[in-house]
Amino acid sequence: MTTTIQGLQLSINDLSVAEVYVNVALPPGLNTHVFISHAKADLLVARAIAYGLMRNGLRVWLAERDVKRNVLRDAQGGVHASCVFLCLVSREYREGLDRALSRDNICPEEFILALTTHAPARMLAVPIDDDSCNPRTWTGALRAAFNESYYYPACLAPSSVVDMGSWQRRVFGLALAIKEQCKLSMASDMFAPALLLASAAPYKHSPSFDSKSMQPRVALDDLKAAVATSRVDPLPPGSVYHAFLAHTWRTDRHGRDIHRLAVAVAHSLALRGLRVFFDEMNLWGSFIEGKLRAVEASCVFTPLICDSYLSTVMGADATDECRLEFEHALSKYSPDCIIGIPIESTWAGNMARLPGLVGSALAWQRVACRLDPASDGVHDAASWDAQLDRLAQEIRVRCTHLARAVARDPTHSASLI
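Residues numbered from 1 in each chain as written. Predicted model: local features only at pLDDT ≥ 70, side-chain atom pairs only at ≥ 80, totals over all residues. Heavy atoms only, no water.

Asker: Quick rundown of the overall build of the chain? Include the residues and the values.
Answerer: Broken down by element type, the chain carries 17 helices and twelve strands. When each of the 417 residues of the chain is scored for burial, the buried share is 55%. On the chain, roughly 17,500 Å² of surface is accessible, and the fraction owed to carbon and sulfur atoms is 53%. (Helix = DSSP H or I, 4+ residues; strand = E, 2+ residues; numbered from the N terminus. Buried < 20%, exposed > 50% of the residue type's maximum accessible area, 1.4 Å probe, protein only. Areas by Shrake-Rupley, 256 points an atom, 1.4 Å probe, with all protein chains shown as cover.)

Put into structure tokens, the structure is as follows:
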């Protein structure tokens, strides 16, 4: 199939021919300069942009050519192996980010993975239709990643490209922006595995602390802002999240709303550079299926341990989401990748007393972090910071172990179904 795009007669075979022009050095550990994320309806435009970038010396990942067997797995590998993530923003792309994941719409999966693996400067967006030229009109995840003052490196909307010369100049400018990011990446150690080590200085947030509920005053919007603006630590290949935060929506024996407490934990970890799966923000498609996929895509499983969580996991309802999450984590994780976080004093001092299924997985562990309102737990902003610093360090250590295991044997990688 051929088509005319901005004066170019292109077919998929033209991309193979353009390989001879690829000559720009790649950062260590990567095999493509740029991953092109686009809506299915924009395939022809994506093909033309890919061709133009290759003519400028860049190696490009494009689904049409590079998906070999499984579209999700291949796209995931492509994002991990690319230096720059390029979004081709159109009405269809923006709408696709807000729809459920499907075989014909993998944009949400690509995009959230790029948020976790690429520094903000390594994510670029280029409008390709006239409805998308103003970043102020972008919404949802796109707005979170590229704020309203975002200055895109090129505009390839029809109203801005009037002839072949203007098309070539704009694609050339886009190629320069990608090359610049690749040079910066090669000059830094941002791809070194040692960056996963738990040697980073702890982030001191000192949140506004509610002395009555013994937890920070954090709303879901605060969590969304932290995710959108915080630097994200590198992830082991195959992982989308550093941690899966499991919790019930009940109250603990201290009268605290456990869901509010979970929001505060996710917020603090995001500020410390860790990407946490939180169902109110990250869930797509089927509720249970989406959660089980997220369990597999996380390095660490972190349940908030309290009486209500234990009764749910060990209860009679075999279809309860908390029970399904925990059982799935046991089947997929090595024991040291499950970090229990006691939030009630009953369990904070002695994890060995945990009963049933939870006890069999966690009884041997030392307590990495305790969020119970006790003298050696959480009783003010400083103690909250100290406990979250310890938790973040434990998660980084487990991620480092996983990264080393993946380096030795890629089958250790957490994978998406």
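Asker: Break down the packing of aromatic side chains for me, with residues and values.
Answerer: Inspection of the entire model under this criterion finds eight aromatic pairs. Ring centres of F35 and W61 lie 4.4 Å apart, and the angle between their planes is 10°; on these two criteria the pair is classed as stacked. A residue pair is termed long-range when its members are at least 10 positions apart, and F35 in strand β3 (residues 32-37) and W61 in strand β4 (residues 60-61) qualify at 26 residues. Of the two residues, F35 and W61, neither departs from the other in class, the shared state being buried. Plain terms: the ring middles of F35 and F85 are 5.5 Å apart, the flat faces sit at 15° to each other, and that makes the pair stacked. Taken together, the residues span a long stretch of sequence, with F35 in strand β3 and F85 in strand β5 (residues 82-89) at a distance of 50 residues. As far as the burial class goes, F35 and F85 line up, both buried. Among the aromatic side chains, those forming a connected cluster through ring pairs are Y241, F244, F277, F301, Y309 and F326. A cation sits over an aromatic face here: R55 above Y21, 4.1 Å from the ring centre. (Phe/Tyr/Trp six-rings, centres within 6.5 Å; stacked < 30°, edge-to-face > 60°. Lys NZ or Arg CZ within 6 Å of the ring centre and 35° of its normal.)

Asker: Could you give an account of the sheet that holds strand β10 (residues 276-277), with specific residues and numbers?
Answerer: Taken in spatial order, the four strands line up as β10-β9-β11-β12 in an open sheet, and their pairing is parallel. Two strands lie at the open edges of the sheet, namely β10 and β12 (341-342), each paired on one side alone. Bridge count for strand β11 (residues 298-305) against β12 is two bridges, and the pairing is parallel. Along β12, the bridge assignment pairs I305 with P342. (Pairing = 2+ DSSP bridges.)

Asker: Which residues make up the pattern of salt bridges, and what are the values?
Answerer: Within the structure shown, the criterion is met by 13 salt bridges. D131 is paired through a salt bridge with R91; the nearest N and O atoms lie 2.6 Å apart. Of the two residues, D131 is situated in the loop between β6 (123-127) and α7 (140-145) and R91 in helix α5 (residues 91-97); the sequence distance between them amounts to 40 residues. A relative accessible area of 39% means that R91 is categorised as partly exposed. One network of salt bridges, with partners in common, ties together E19, R59, R65 and D66. (Salt bridge = Lys/Arg side-chain N within 4 Å of Asp/Glu carboxyl O.)

Asker: Requested: an account of the pairing of strand β9 (residues 241-246), with residues and values cited.
Answerer: Every regular strand shows the same layout, with side chains that alternate between the two sheet faces. Of all six residues in β9, six are buried; the element is thus mostly enclosed. As judged from the five bridges shared by β9 and β11, these two strands associate in the parallel manner. Across the sheet, residue A246 finds its bridge partner in β11, namely P303. One ladder, built from two bridges, connects β9 with β10; its direction is parallel. Looking at the pairing, A243 lines up with V276 of β10. The handedness of the β9 to β10 crossover, carried by helix α10 (residues 258-271), is right-handed. (Right-handed = clockwise from strand over helix to strand, strands pointing away.)

Asker: Tell me about the environment of S159, residues and numbers included.
Answerer: Looking at where S159 falls in the secondary structure, it is placed in the loop between α7 and α8 (164-187). Of the residues examined, S159 reaches a relative accessible area of 51% and is grouped as exposed. A sequence separation of 29 residues divides S159 from D130, and the C-alpha atoms of the two residues are 6.6 Å apart.

Asker: Could you give an account of the packing of helix α4 (residues 71-80) against helix α6 (residues 107-117), with specific residues and numbers?
Answerer: Contact pair α4 / α6: the axes reach a minimum separation of 10 Å and the direction vectors enclose 30°. One element, α4, and the other, α6, form an angle in the roughly parallel class. Of the two possible hands of crossing, α4 and α6 adopt the one that is right-handed. Between α4, through L72, A75, Q76, V79 and H80, and α6, the contact on the second element is made entirely by E109, E110, L113, A114 and T117. (Axes fitted to C-alpha atoms, helices over the stretch in contact; angles between N-to-C directions. Parallel < 35°, antiparallel > 145°, perpendicular 65-115°, else oblique. Left-handed = near helix turned anticlockwise from the far one by under 90°. Contact = heavy atoms within 4.5 Å.)

Asker: Any chance you could break down the confidence of the model for the chain for me, citing the residues and the numbers?
Answerer: Detailed reading of the predicted coordinates is not advisable wherever pLDDT is low. For the chain, mean pLDDT is 78; residues scoring 70 or higher make up 82% of the total. No element of the chain has a lower mean pLDDT than strand β1 (residues 3-5), at 47, and none a higher one than β4, at 96. Segment residues 413-417 is flagged for pLDDT under 50; beyond a separation of four residues in sequence, or across chains, it makes 22 contacts in the model. (pLDDT = per-residue confidence, 0-100.)

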